[in-house]
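# Structure assessment
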Amino acid sequence: QVQLVESGGGLVQPGGSLRLSCEASGDILAIDTMGWFRQAPGEQRELVATMGSLGRTNYADSVKGRFTISRVNAKKAVYLQMSSLKPEDTAIYFCYAKIRRGGLLYYMDYWGKGTLVTVSS
C-alpha cells in the first residue's frame, strides 16, 4: 500500500501565505515526479506545480512567481509554498506522486485525498 497524506490547508486572506506539505509512505522503492494539482468547485483538476526527482520544476502560468514547490527525497515529501494568494486560488489541493512500488518494474500514479485552501476576506 502507498499513501500520500497532505496537510497545511485552511482559510487565508487575500495576499496571505500558506504552506502545504505532503508525505508518501508505504512500500516505496522509488519516486519520480511529485507535485500538486488543484480543483476548484465546478472545475476540472489542473496542474499547479511539479518537481522531478532531479529537481526540474514545472509551474502553471497562473502561479508562477507566487508559488514555490520543493521536496525532500529522504522524507519522501513535497511542499508547496504559496504567497500572494488570490481568491481564485481557492480549491482543493491534491498531492501527486509517480511511485515505483517494491517488486514492480514500472511507476504508477498516486494521489492524496486533498486539502482545502480557501482564500477569502
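As a reminder, the structure under discussion sits directly above these lines.
Overview of the structure. What you see is a predicted model, and the numbers here were worked out from it, not measured in a lab. (Residues numbered from 1 in each chain as written. Predicted model: local features only at pLDDT ≥ 70, side-chain atom pairs only at ≥ 80, totals over all residues. Heavy atoms only, no water.)

### Side note on the state of the cysteines
Enumeration according to the criterion identifies one disulfide in this entry. Two residues share a disulfide in this structure: cysteine 22 and cysteine 95, whose sulfurs sit 2.0 Å from each other. Taking the torsion about the S-S bond as the criterion, the cysteine 22 to cysteine 95 disulfide, at about -80 degrees, is left-handed. Here cysteine 22 is found in strand S3 (residues 18–26), whereas its partner cysteine 95 is found in strand S9 (residues 91–101), with 73 residues between them in sequence. Look at cysteine 22 and you get buried, because its relative accessible area is 1%. Note on cysteine 95: relative accessible area 0%, which makes it buried. (Disulfide = S-S within 2.5 Å. Helix = DSSP H or I, 4+ residues; strand = E, 2+ residues; numbered from the N terminus. Buried < 20%, exposed > 50% of the residue type's maximum accessible area, 1.4 Å probe, protein only.)

### Topic: the side chain of arginine 71
For arginine 71, the location among the structural elements is in strand S7 (residues 67–72). Side-chain polar atoms of arginine 71 contact the backbone oxygen of glycine 52, separated by 3.2 Å. A polar side-chain atom of arginine 71 sits 2.7 Å from a polar atom in the side chain of asparagine 73. Setting aside anything within four residues of it in sequence, one finds arginine 71 in contact with Ile31, Asp32, Thr33, Met34, Met51, Gly52, Ser53, Ala77, Val78 and Tyr79. (Polar contact = N/O pair within 3.5 Å; in protein donor to acceptor, adjacent residues only side chain to side chain. Contact = heavy atoms within 4.5 Å.)

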